[in-house]
Amino acid sequence: MSTPRDNVAPDRFKTDEEVLAASRRYTRRSFLVAALSGALGYEFCRQVWYSHAIGLQPWPRRLVLQADAKLSRLLFKDRAFAPTYPVSRSVPLRVNGHIGLKTDLLLESWRLQLVGVEDAHRFDRFVPDVTAWEYKYAEPQRRDDPDNPVVADPTPVAAKDVRVERAGKRDRGLEEAGKSYSTLAAGTPGLLLTLADITKLPKHEMVTEFKCIEGWSEIVHWSGVRMADFLDAYPPARKPDGSLPRYVYMETPNGDYYVGYDLHICRHPQMLLVTEMAGKPLSQVHGAPIRLHAPMKYGYKQIKRIGLIAYTDSKPDDYWTKLGYDWYAGI
Ligand SMILES: Nc1nc2c(c(=O)[nH]1)N[C@H]1C(S)=C(S)[C@@H](COP(=O)(O)O)O[C@H]1N2
Ligand SMILES: [Mo]
């Protein structure tokens, strides 16, 4: 019996010349195929390399990111649940990211500026200009000064030398991504909420994984109120056609760090306005008095030390999107 290999053209290639000619045809063809795919590959890479950027990414890569976001919206409708864990598996979250947190905020000077609420003036907390609110900070400590090393300081923050910084006067957007284009104009009316206005909402505990795009993740024990409950208590104003604004914008006091979300994602039951971690009030470096946790999004969307929440219909600016990361940031 002959193998299939033996069967290859038993009588077509009779002479050595015929074999050689066939081989040449094959060689030419493979050379052409190789040359063509090489050229296409080269052209593809060149396109990726030199193409104009969309959000700091070459357009082919940006298109892949956008398709990825579309697909996951389609498949999960943003309703997928992140896994939860027993408290015993939680760890103290590491500190990663200091933008907008470089000086301690005096917590009694904290208010949440909330803009875009339906019938805002029916609330006691209504003010004609939320941007006039003054956040107060502790005097910054110089971390690079050998004669004045940073040590654990037992003095309560409130008793330290206080520097008052006017929201309207202090320079904004001092970090790498610069100023946010979504920040408020002076004279924007809204609510100035106290922490109690938020913590009066039902408290929820959750043990979920926090994922940073840099490649680490940790299981954390969070508690706070659901963003969904917050939206019910302080609902966004409808547009004249009856529809809701599409986005939620958040920034730190004085606007150095900022993020944007789709409004409907903020109704996800796992999105929390966090006030406690591991059963203790948030520390300054983790974003006291409130930060966001959203386990379906990467860490860079989980803003610490929220000072402003605004419901808006224009796609909000986002700190890391400006530096090339994906706005959607889904996990
Ligand atoms: N205000 C503020 N929020 C922030 C950041 C920041 O630099 N400033 N960094 C983000 C990033 S990239 C991560 S990974 C997490 C880190 O949170 P943690 O320090 O509590 O671990 O905070 C996010 N929220
Ligand atoms: Mo991160």
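Placed above this text is the structure.
The model shown is predicted, which means the values in this text are computed figures rather than measured ones.

Caption draft 1: A look at the overall build of the protein chain. Helices and strands together make up the secondary structure of the protein chain, namely six helices and 15 strands. Going through the 331 residues of the protein chain one by one, you find that 42% of them count as buried. Intrachain contacts of the protein chain at a sequence separation of at least 6 include 75% that bridge at least 24 residues. Here the protein chain displays about 18,800 Å² of accessible surface, and carbon together with sulfur accounts for 57% of that area.

Caption draft 2: Spotlight on the site of ligand 1. Inspection of the region around ligand 1 gives 18 residues, with Arg94, Ile99, His286, Arg291 and Lys304 positioned closest. In this structure, an oxygen atom belonging to ligand 1 sits 3.3 Å away from a main-chain N or O atom of His98. Between ligand 1 and Gln302, the relevant distance is 2.9 Å, taken from a nitrogen atom to a main-chain nitrogen or oxygen of the residue. Taken by itself ligand 1 offers 530 Å² of open surface, and the protein chains cover 97% of this. Considering only residue class, the shell around ligand 1 consists of eight nonpolar, seven polar and three charged.

Caption draft 3: Layout of the pairing of strand E10 (residues 247-251). In terms of residue burial, E10 counts as a mostly covered element, since five of its five residues are buried. Residues Tyr247, Tyr249 and Glu251 line one face of E10 and the alternating positions Val248 and Met250 line the opposite face, and both faces are buried. Summarising the sheet, E10 and strand E11 (residues 258-262) pair through five bridges and their orientation is antiparallel. Among the inter-strand pairings, Val248 is bridged to a residue of E11, identified as Tyr261. Hairpin geometry of E10 and E11 is characterised by an intervening segment of six residues between the two adjacent antiparallel strands and by a positive phi of about 70 degrees at Asn254. The pairing of E10 with strand E15 (residues 308-312) spans five bridges and is antiparallel. When the sheet's bridge partners are listed, Tyr249 is paired in E15 with Ala310.

Caption draft 4: Expanded view of the sheet that holds strand E4 (residues 126-127). The mixed open sheet is built from six strands, whose spatial order is E4-E7-E3-E15-E10-E11. Every interior strand has two partners, whereas the edge strands, E4 and E11, have only one. As judged from the three bridges shared by strand E3 (residues 112-115) and E15, these two strands associate in the parallel manner. Across the sheet, the residue bridging to Leu114 is Ile309, located in E15.

Caption draft 5: Molecular detail of the side chain of Ser182. Tracing the backbone through its elements, the reader meets Ser182 in the loop between strand E6 (162-164) and strand E7 (190-193). Within the local environment of Ser182, its side chain forms a polar contact with the backbone nitrogen of Asp317, the two atoms lying 2.8 Å apart. Among residues more than four places away in sequence, those in contact with Ser182 are Tyr249, Lys315, Pro316 and Asp317.

Caption draft 6: View of the environment of Leu105. When you line up the elements, Leu105 lands in the loop between helix H3 (59-76) and E3. The class for Leu105 is buried, based on a relative accessible area of 0%. Expressed as a C-alpha distance, the spacing of Leu105 and Tyr135, which sit 30 residues apart in the sequence, is 7.3 Å.

Caption draft 7: Just the pattern of salt bridges, in detail. Counted according to the given criterion, the structure contains 10 salt bridges. Where Asp318 meets Lys301, a salt bridge forms, and the shortest distance between an N and an O atom there is 2.6 Å. Taken together, the residues span a long stretch of sequence, with Asp318 in the loop between E15 and helix H6 (319-322) and Lys301 in the loop between strand E14 (291-293) and E15 at a distance of 17 residues. Judged by its relative accessible area of 1%, Asp318 is buried. Owing to a relative accessible area of 1%, Lys301 belongs among the buried residues under this scheme.

Caption draft 8: Examining the nonpolar core more closely. Phe230 and Ile309 are the most contacted members of the largest nonpolar core, which totals 49 residues. Among the secondary structure elements, those contributing two or more residues to this core are E3, E7, helix H5 (227-233), E10, E11 and E15. Looking at this core, the element that brings in the most residues is E15, giving four residues. If near-sequence neighbours (up to four positions away) are discounted, Phe230 is found in contact with Leu112, Leu114, Leu193, Ile198, Leu201, Leu273, Ile309 and Tyr311.

Rules used throughout
Residues numbered from 1 in each chain as written. Chains lettered and ligands numbered in written order. Predicted model: local features only at pLDDT ≥ 70, side-chain atom pairs only at ≥ 80, totals over all residues. Heavy atoms only, no water. Helix = DSSP H or I, 4+ residues; strand = E, 2+ residues; numbered from the N terminus. Buried < 20%, exposed > 50% of the residue type's maximum accessible area, 1.4 Å probe, protein only. Contact = heavy atoms within 4.5 Å. Areas by Shrake-Rupley, 256 points an atom, 1.4 Å probe, with all protein chains shown as cover. Near = heavy atom within 4 Å. Polar contact = N/O pair within 3.5 Å; in protein donor to acceptor, adjacent residues only side chain to side chain. Nonpolar A, V, L, I, M, F, W, Y, C, P; charged D, E, K, R; others polar. Pairing = 2+ DSSP bridges. Salt bridge = Lys/Arg side-chain N within 4 Å of Asp/Glu carboxyl O. Core = buried A, V, L, I, M, F, W, Y, C linked by side-chain atoms within 4.5 Å.

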